[in-house]
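Overview (structure and organization)
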Amino acid sequence: MRQYMWLARSRPILLLLLGWGISYAGDMAAYTVASVYLYHAGGAGYVGVLGVEWALSAALLVPLVSSSSDRVRRERLLTATLIPRALLLAAAGAALRGHGHAMLVAVLVALDGGLCSVFRPVQAALLPWLARTPDE
């Protein structure tokens, strides 16, 4: 436990790690809810389609967005991915609530997953700039 005491002193790193934890938890919650909804709507095949869409969106979006991390401030890049994610999840929630088409829900949640996958590489690029000591 003592080895993580620096975390309490470094507010920017703590906030970044907290943001990643919240982002990841939200991502997994969205995937779980969408999987249950899609299973009830069309069975295991629909859940499989969600998994494929999820992987493809991450495979396409991570290199695309991460390549701009050198041209755009990384904090802004994180914000620029979080706002569309919130909008995508709001639209997916509205489609779920209104009993929308199952594939629309799958596409919206998969795009959110692709944007969530961007968080980790940008976080890794941002951490060295936030660290003030070698321990951090």
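Higher on the page you've got the structure.
This is a predicted model, so every value here is computed, not measured. Position numbers for residues count from 1 along each chain, tracking the sequence in the order it is written. Where local features are concerned, this predicted model is filtered to residues with pLDDT of at least 70; where side-chain atom pairs are given and counted, the filter is 80 or more; whole-chain, interface and lining totals use all residues. Hydrogens and water molecules were not included; the side-chain quantities draw on all heavy atoms of the structure.

With that out of the way, let us pick up the packing of helix 2 (residues 11–42) against helix 5 (residues 102–130). As a packed pair, helix 2 and helix 5 sit with axes 10 Å apart at the nearest point and diverge in direction by 165 degrees. If you check the angle between helix 2 and helix 5, you find them roughly antiparallel. Seen along the crossing, helix 2 lies across helix 5 with a hand that is left-handed. Amino acid classes used here: Ala, Val, Leu, Ile, Met, Phe, Trp, Tyr, Cys and Pro are nonpolar; Asp, Glu, Lys and Arg are charged; the rest, including Gly, are polar. Residues that form the contact of helix 2 with helix 5 fall into these classes: 20 nonpolar, four polar and three charged. A fitted line through C-alpha atoms serves as each axis, taken over the contacting stretch for helices, and the angle formed by two N-to-C directions is quoted from 0 to 180°. The numbering of helices and of strands both runs from the N terminus, where a helix is a DSSP run of H or I of at least 4 residues and a strand a run of E of at least 2. Here the angle decides the label: under 35 degrees means roughly parallel, over 145 means roughly antiparallel, 65 to 115 means roughly perpendicular, and every other value means oblique. With the far helix as reference, a near helix turned anticlockwise by less than a right angle produces a left-handed crossing, and one turned clockwise produces a right-handed crossing.

Right, let's talk about the pattern of salt bridges for a bit. Note on definitions: salt bridges are taken to be side-chain nitrogens of Lys or Arg within 4 Å of carboxyl oxygens of Asp or Glu. Tallied over the full model, the rule gives one salt bridge. Among the salt bridges present, the one from Asp112 reaches Arg85, with a minimum N-O distance of 2.6 Å. Taken together, the positions of Asp112 in helix 5 and Arg85 in helix 4 (residues 74–97) put the pair 27 residues apart, joining distant regions of the chain. Neither residue differs from the other here; Asp112 and Arg85 are each classed as buried. Working definition: with a 1.4 Å probe on protein chains only, accessible area under 20% of the residue-type maximum means buried, over 50% means exposed, and in between means partly exposed.

Multiplying one less than the number of residues by 1.5 Å gives the expected span of a helix. If you check helix 2, its first and last C-alpha atoms are 46 Å apart, about what 32 residues at 1.5 Å a residue would give, namely 46 Å. Just beyond helix 2, the residue with positive phi is Gly43, at close to 90 degrees.

Our next topic: the nonpolar core. Nonpolar side chains tend to gather and get buried jointly when the protein is soluble and globular. Counting 17 residues, the largest nonpolar core has Ala34, Tyr37, Leu38, Leu50, Val105 and Val109 as its most contacted members. The greatest single-element share of this core, amounting to seven residues, is contributed by helix 5. Filtering out sequence-adjacent residues up to four positions away, Ala34 remains in contact with Leu50, Val105 and Val109. Within the second largest apolar cluster, nine residues are counted, among which are Val65, Val118, Phe119 and Val122. Throughout, nonpolar core names a set of buried Ala, Val, Leu, Ile, Met, Phe, Trp, Tyr and Cys residues whose side chains join them through atoms within 4.5 Å. Note on definitions: a residue-residue contact is assigned when non-hydrogen atoms from the two residues lie within 4.5 Å.

What follows covers helix 3 (residues 44–66). Between its terminal C-alpha atoms helix 3 stretches 32 Å, which fits the 33 Å expected from 23 residues at 1.5 Å a residue. Listed as buried for helix 3 are Leu50, Trp54, Ser57, Ala58, Leu61, Val62, Val65 and Ser66. Contact partners of the buried residues in helix 3: helix 2, helix 4 and helix 5.

In this description, a pair of aromatic rings is defined by centroid distance and the angle of the planes. Two aromatic rings from Phe, Tyr or Trp, using only the six-membered ring of Trp, form a pair when their centres are within 6.5 Å; if the ring planes differ by under 30 degrees the pair is stacked, by over 60 it is edge-to-face, and anything between is tilted. Counting across every chain of the model gives two aromatic pairs. Seen from their ring centres, Trp20 and Tyr24 are 5.6 Å apart, and the 15 degrees between their planes marks the pair as stacked. Note that Trp20 and Tyr24 are positioned in helix 2 at a spacing of four residues, about one turn of the helix. A relative accessible area of 42% means that Tyr24 is categorised as partly exposed. Over the ring of Trp20 we find Arg120; its NZ or CZ atom is 4.6 Å from the centre of that ring. Any Lys NZ or Arg CZ found within 6 Å of a ring centre and within 35 degrees of that ring's normal is scored as a charge over the ring.

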